[in-house]
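# Inside the fold
Listed here are the chains, written in short residue letters.
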Protein chains: 2
Amino acid sequence: MDLLQGFTENIAKERLFAAGDRLLLAVSGGLDSVALTELCHRCGFDFLIVHCNFQLRGAESMRDEEFVKQMGTRYGREVVAGRFDTAEYAAMNKVSIQVAARELRYRWFEQFIKAGRARWIVTAHHLDDNIETMLMNFFKGTGIAGLRGMVPRQGNIVRPLLFAKKDELRAFAVEAGLQWVEDSSNESDKYTRNFFRHQLIPLVEQAYPGALARLSDNLDRMREAEALYRQSVEGWKKKLVEYRGNEVHIPVEKLRKAEPLATIVFEVIEPFGFTPQQVEGVVGLLDSASGRYIRSRTHRILKNRNFLIITPLLESEAAHILIEEGREAVDYPEGVLQLQRVPAANAGVLDQGPGVALLDAGLITFPLLLRRWRPGDYFYPLGLRKKKKVARFLIDNKVSLAAKEKVWVLEMDKKIIWIVGMRIDDRWKLGPRTQTVLRLTAMRQ
Amino acid sequence: MDLLQGFTENIAKERLFAAGDRLLLAVSGGLDSVALTELCHRCGFDFLIVHCNFQLRGAESMRDEEFVKQMGTRYGREVVAGRFDTAEYAAMNKVSIQVAARELRYRWFEQFIKAGRARWIVTAHHLDDNIETMLMNFFKGTGIAGLRGMVPRQGNIVRPLLFAKKDELRAFAVEAGLQWVEDSSNESDKYTRNFFRHQLIPLVEQAYPGALARLSDNLDRMREAEALYRQSVEGWKKKLVEYRGNEVHIPVEKLRKAEPLATIVFEVIEPFGFTPQQVEGVVGLLDSASGRYIRSRTHRILKNRNFLIITPLLESEAAHILIEEGREAVDYPEGVLQLQRVPAANAGVLDQGPGVALLDAGLITFPLLLRRWRPGDYFYPLGLRKKKKVARFLIDNKVSLAAKEKVWVLEMDKKIIWIVGMRIDDRWKLGPRTQTVLRLTAMRQ
């Protein structure tokens, strides 16, 4: 089949974009993107060209940039070239050069979309790329999503050449008399791809003639299998996940019955930055005491009675955390606050470390409010009969400036009942008539 | 970890069988099954040993049989050895030696289960086997089920060693001072496995150290992913598939909206012997006329108005097929019968080939009955005023003995209205007052 015809048919079949949409072609100047540009030109699509100069290959990088600019002149299309300090970005963000290049590229492309300069980002990834991606994922270890490879459309990014083999692109480019540049670099992604292209696939083709075609069929099958997998996952999420404000609540008993548990837990926590390696720990929370938690880079998942609660790691100065009756654990920026009710008769044996407060539960009414201290705050420190400014209290206790910023107070009815981890208010201390003790424990992280 | 401990833990974790269950150990005499036997012996399980002698390796086959019998003596357990004419079975059934051996083996094992001589068939498949199976499936082309490899339990078959590496089995066998036989054969399954074991996996391990461990993790992940996939598939089937007697009805409009269509169609038709290659054809039926069909080895899927109907290919002599009002296509052993209603004014242009009958629809009441002719049958052949025995009619028309067996009649209210494909009954022919024609077409396959 004619490549141009395959190209237009694939765009229609996958409903990638409409004929009049403005496209942003990502063009390196290599064979794939040069063929893509020619195809878009022949289709009469409305496009501009962007070129990323990652400045990793000295003069060659400049040659490529110049080459793509000339392409723009030839086609009468705008070319925008961006230069990036990729090595520095990689060092600063502690990522590989590959990841750095990808992040820089797509972040830059997104700006064009946001500015309304194009509707779709178009890349030249083809079938060979996709099979290599799948094989890489397969041998590095992956779930079902890794085996369906890249999809034709993902957000603003469209990949209209995923149907085409590299050989077909080359034949088209040669027949059309196109020129392109060769990338002499040996970066690790290319190295890995070459391993599959030149070693693994030929070896497999020898043992199983036609394996490449069947791997291509696998991609299609896995794409559909993943769609069915997603339907189940979404069904489970609907059953298991309750959104409450900025918290996500997951009922422990329902989750315990979910089957297959590990994968469902993974799918529930993954959007909050948790990794596959943390799944086992989260499953462990099901049977742990209130107050145990596991953190991702952005969130914390906390066991609280019959729920696992996912909360964003708080950074806001103004954070006010309301503690409802019955809550046994609360997440706050400095750690976790545990709440327990104990009969007064047992209070003697309670651990009374610095992070612990023992209050007369009979005098406490919920909700309580957990917040940072403020300059105007005052309270009646345990042992004193008169009120004292919290600011003064902190100075008297020689709290450093840095530590002061981490001081939180627990408030009831606009009265402070505890400077968290330091001193309770005298009015709520245990007395001879205390029947139940509210035991608060501040667990710092 | 100790292999014996891993073995018992795995049996518990996967809930494979209870300690007191009687087991049927499939023992070839090779390393894997020898280690399995020793493990079961140490656990004190109740088992008997079965050995398949496929008689493919001459003296070596006899040596192995003898070896396994001696194992039985050593362990004080019953050994049953079965001898199979595998080559003959393969030739007769037109299958490979591998497939023949597998079919013979499992069919024989099943007889022990049915006879109550054991509860579970236990095989010695291990982790390396399973990774090789997955790789084989992957490169031969597969869906999600092929990528999760063998499962620890499937029907009566349990595989308690899937967690263990071949190396671990060997170390255990050596340490326990066990003896085993080596299989000198070079059958194609073994050849393929050797390709993965000695060529592909080492190559990948070089490029991605630790790949084998990650492939093992893939198996676990895929097993869970497949479970989620199955949940969706079952949900779709419940929505789409209606069982009516021995027919399966699938509403066309509902199926058309199913997403992802191809895979859902595959999962719906696969249990009836259809292949992945037939999916596209079945999707095509959605838009085809009533009467179009596709056959598997055992079933036919037929487009009838707003339904796809799956029916077993009929073989019974006594088949009686009831045709309800509104049916436009009916499946019967000799082909498909199409039914159409046409205004009499248009009847002149209708194709009137030998397979077509034109009847006065006003005289017909449903249901009709389609069945094979019987010796006592008679009817009023078109053009004759008196009745005639069908047997006589067939003789007069020089229908051969073989062809006679394929003659069907269409009956209404115990009266024959059509000798299918030959002659209608005079009483239901078109007349001057006919308003609507019932046009019947017998399409032979």
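Predicted model only: the values in this text are computed from it and were never measured. Each chain carries its own residue numbering, running from 1 in the direction its sequence is written. Each chain gets a letter, beginning with A, and each ligand a number, beginning with 1, in the order they are written. Where totals are concerned, whole chains, interfaces and linings use all residues; where local detail is concerned, this predicted model gives features only for residues with pLDDT of at least 70, and gives and counts side-chain atom pairs only at 80 or more. The basis for every side-chain value is the complete set of non-hydrogen atoms in the structure, without hydrogens or water.

## Considering the overall build of chain A
Secondary structure summary: chain A contains 15 helices and 22 strands in total. Dimensions of chain A, computed from C-alpha atoms along their principal axes, come out at roughly 95 × 45 × 40 Å. Only protein chains enter the calculation, and the probe is 1.4 Å; a residue is then buried if its accessible area is under 20% of its type maximum, exposed if over 50%, and partly exposed in between. When each of the 445 residues of chain A is scored for burial, the buried share is 51%. Contacts between residues were defined by any pair of non-hydrogen atoms, one from each residue, lying within 4.5 Å. Put simply, of all contacts in chain A between residues at least 6 apart along the chain, 67% involve residues at least 24 apart. By element, 51% of the accessible surface of chain A is carried by carbon and sulfur atoms, the whole surface being about 22100 Å². For the purpose of charge, His is not counted, nor are the chain termini; Lys and Arg are scored as positive and Asp and Glu as negative. Charge coordinates come from a single atom per side chain, which is NZ of Lys, CZ of Arg, CG of Asp or CD of Glu. Averaging the positions of the 66 positive and the 56 negative side-chain charges in chain A gives two centres separated by 9 Å. The helix count covers DSSP runs of H or I at least four residues long, the strand count covers runs of E at least two residues long, and both are numbered beginning at the N terminus. All accessible-area figures derive from a Shrake-Rupley calculation using a 1.4 Å probe, and residue coverage is judged against the displayed protein chains alone.

## A few points about the interface of chain B and chain A
At the junction of the two partners, chain B supplies 41 residues and chain A supplies 41 residues. Summed over both partners, the accessible surface that disappears when two parts come together, traced with a 1.4 Å probe, is what is meant by buried area. When the buried area of chain B at its contact with chain A is split by residue, B:Phe138, B:Phe139 and B:Tyr208 rank highest and sum to 20% of it. Counted as salt bridges are all cases of a side-chain nitrogen of Lys or Arg within 4 Å of a carboxyl oxygen of Asp or Glu. In this assembly, chain B and chain A are joined by 0 salt bridges. N or O atoms closer than or at 3.5 Å make up a polar contact, with two conditions inside protein: a donor-capable atom paired with an acceptor-capable one, and, for residues adjacent in sequence, both atoms drawn from side chains. Counting the contacts that link chain B with chain A gives 19 residue pairs in polar contact (both at pLDDT 80 or more).

## Observations regarding the pattern of salt bridges
Within this structure, the stated rule accounts for 69 salt bridges over all chains. Residue A:Arg341 is joined to A:Glu325 by a salt bridge in which the shortest nitrogen-to-oxygen separation is 3.3 Å. Taken together, the residues A:Arg341 in strand β14 (residues 335–343) and A:Glu325 in the loop between β12 (320–323) and β13 (329–332) connect sequence positions 16 residues apart. Across the pair B:Asp426 and B:Lys429 runs a salt bridge, and its minimum N-O distance is 3.4 Å. Given the relative accessible area of 9%, B:Asp426 is considered buried. Of the residues examined, B:Lys429 reaches a relative accessible area of 32% and is grouped as partly exposed. One connected set of salt bridges, linked through shared partners, spans A:Arg57, A:Glu60, A:Arg63, A:Asp64 and A:Asp183.

## Some remarks on the packing of helix α2 (residues 31–42) of chain B against helix α3 (residues 59–75) of chain B
Two packed helices can be described by the angle between their axes and the distance between those axes. Residues and elements named next belong to chain B. The convention used is that axes are lines fitted to C-alpha atoms, helices contributing only their stretch in contact, and that angles between N-to-C directions extend from 0 to 180 degrees. Orientation of α2 relative to α3, taken along the N-to-C sense of each, is 15°, at an axis distance of 12 Å. Here α2 is positioned roughly parallel relative to α3, judged by the angle of their axes. Judged by the twist between their axes, the crossing of α2 over α3 is right-handed. Listed contacts from α3 to Val34, Thr37, Glu38 and His41 of α2 are Phe67, Met71 and Tyr75. Considered class by class, the residues forming the contact of α2 with α3 number 4 nonpolar, 2 polar and 1 charged. Relative orientations are named as follows: roughly parallel for angles under 35 degrees, roughly antiparallel for angles over 145 degrees, roughly perpendicular for angles from 65 to 115 degrees, and oblique for any other angle. Put simply, a crossing is left-handed when the front helix is turned counterclockwise from the back one by less than a right angle, and right-handed when it is turned clockwise. Here the term charged refers only to Asp, Glu, Lys and Arg, the term nonpolar to Ala, Val, Leu, Ile, Met, Phe, Trp, Tyr, Cys and Pro, and the term polar to all other amino acids, Gly among them.

## Quick notes on the relation of the copies chain B and chain A
Least-squares superposition of the copies uses the C-alpha atoms of those residues scoring a pLDDT of at least 70 in each of them. The transformation that overlays chain B on chain A combines an axial shift of 0.0 Å with a rotation of 180°, and the residual RMSD is 0.2 Å. Such a combination of turn and shift is consistent with a two-fold rotation axis. Relative to the rotation axis, the C-alpha of B:Tyr229 is the closest in chain B, positioned 2.2 Å from it. Taken as a fraction of all interface residues of chain B, those also at the interface in chain A reach 100%, which identifies the copy contact as same-surface.

## Points about the UniProt feature "binding site: ATP" (unreviewed entry) in chain A
Residue and element names in this part refer to chain A. In this numbering, the UniProt entry assigns the feature "binding site: ATP" (unreviewed entry) to Ser28, Gly29, Gly30, Leu31, Asp32 and Ser33. Position of Gly29 relative to the elements: it lies in the loop between β1 (22–26) and α2 (31–42). Looking at Gly29, the relative accessible area reads 0%, which means it is buried. Here Gly29 is in contact with Val34, Phe67, Val68, Trp180 and Val181, once residues within four sequence places are set aside. Mapped onto the fold, Gly30 is located in the loop between β1 and α2. Classification of Gly30 by relative accessible area gives buried; the value is 15%. Leaving out residues up to four positions away in the same chain, Gly30 has contacts with Trp180 and Val181. UniProt positions are given in the numbering used here, feature names are shortened, and annotations may be inferred rather than shown by experiment.

## Considerations on the packing of helix α4 (residues 86–93) of chain A against helix α5 (residues 97–114) of chain A
Residue and element names in this part refer to chain A. Two elements in contact, α4 and α5, have axes separated by 9 Å at closest approach and are oriented at 110°. Accordingly, the angle class assigned to the pair α4 and α5 is roughly perpendicular. Contact residues: α4 offers Thr86, Ala87, Tyr89 and Ala90, while α5 offers Ile97, Ala100, Ala101, Glu103, Leu104 and Arg107. Of the residues contributing to the contact of α4 with α5, the split by class is 7 nonpolar, 1 polar and 2 charged.

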